[in-house]
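Close look at the chain arrangement
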Amino acid sequence: MIEIKQKNGSVDLIFKEECRIFEIEEDIEKIKNALNKGKKAKKINIAIAEDAELDTAYFQLILSILNSEYEVIVNESSILRELKLLYGIENAF
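Residue numbers restart at each chain and count upward from 1, following the sequence in its written direction. The predicted nature of this model means local features are confined to residues of pLDDT at least 70 and side-chain atom pairs, given and counted, to a pLDDT of 80 or more, with totals for whole chains, interfaces and linings taken over all residues. To get the side-chain values, take all heavy atoms of the structure and skip hydrogens and water.

With that out of the way, let us pick up the side chain of Ser77. Helix numbering and strand numbering both begin at the N terminus, where a helix is a DSSP run of H or I of at least 4 residues and a strand a DSSP run of E of at least 2. For Ser77, the position within the fold is in the loop between strand E6 (71-74) and helix H3 (78-86). Using a 1.4 Å probe on the protein chains alone, a residue whose accessible area is under 20% of its type maximum counts as buried, one over 50% counts as exposed, and one in between counts as partly exposed. Overall, the relative accessible area of 0% leaves Ser77 in the buried class. Contacts were defined at the residue level, with two residues in contact if any of their heavy atoms lie within 4.5 Å. With sequence-adjacent residues up to four places away left out, Ser77 is seen in contact with Ile48 and Glu50.

The subject of this paragraph is the side chain of Asn45. Within the secondary structure, Asn45 sits in strand E4 (residues 43-48). The buried category is assigned to Asn45, whose relative accessible area is 19%.

Turning our eyes to something else, we now look at the packing of aromatic side chains. Aromatic rings from Phe, Tyr and Trp, taking only the six-membered ring of Trp, are treated as a pair when their centres fall within 6.5 Å; an angle between ring planes under 30 degrees marks them as stacked, one over 60 as edge-to-face, and anything in between as tilted. Under the criterion given, the structure shown has 2 aromatic pairs. Where Phe15 meets Tyr58, the ring centres are 6.2 Å apart and the plane angle is 85 degrees; that geometry is what we call edge-to-face. Taken as a pair, Phe15 in strand E2 (residues 10-15) and Tyr58 in helix H2 (residues 56-66) lie far apart in primary sequence, 43 residues in all. The same class applies to Phe15 as to Tyr58, namely buried. Plain terms: the ring middles of Phe59 and Tyr87 are 5.4 Å apart, the flat faces sit at 20 degrees to each other, and that makes the pair stacked. Here the residue Phe59 occupies a position in helix H2, and Tyr87 occupies one in the segment after H3, the gap between them amounting to 28 residues. Among the residues examined, Phe59 registers a relative accessible area of 2% and is labelled buried.

The structure is reproduced here in structure tokens:
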């Protein structure tokens, strides 16, 4: 589940609790709506709760956002470090 907050040209994506593949389509639509709503966002902040559980679909979503046109800032959480290590891209971002 992703909580989305918008403020002054930026969108905050907070990855909370369980982020599983069966929820990703709904979350992607919420992200698209937030990015296109009102004043066009230029920056995306990604925060991942320490107790969050991300599956591969959400990890791929984060990688896609990193390769987008937006300025992206990602907080380092233990689950993210674990996934980066698993996929051999620990220095990617």
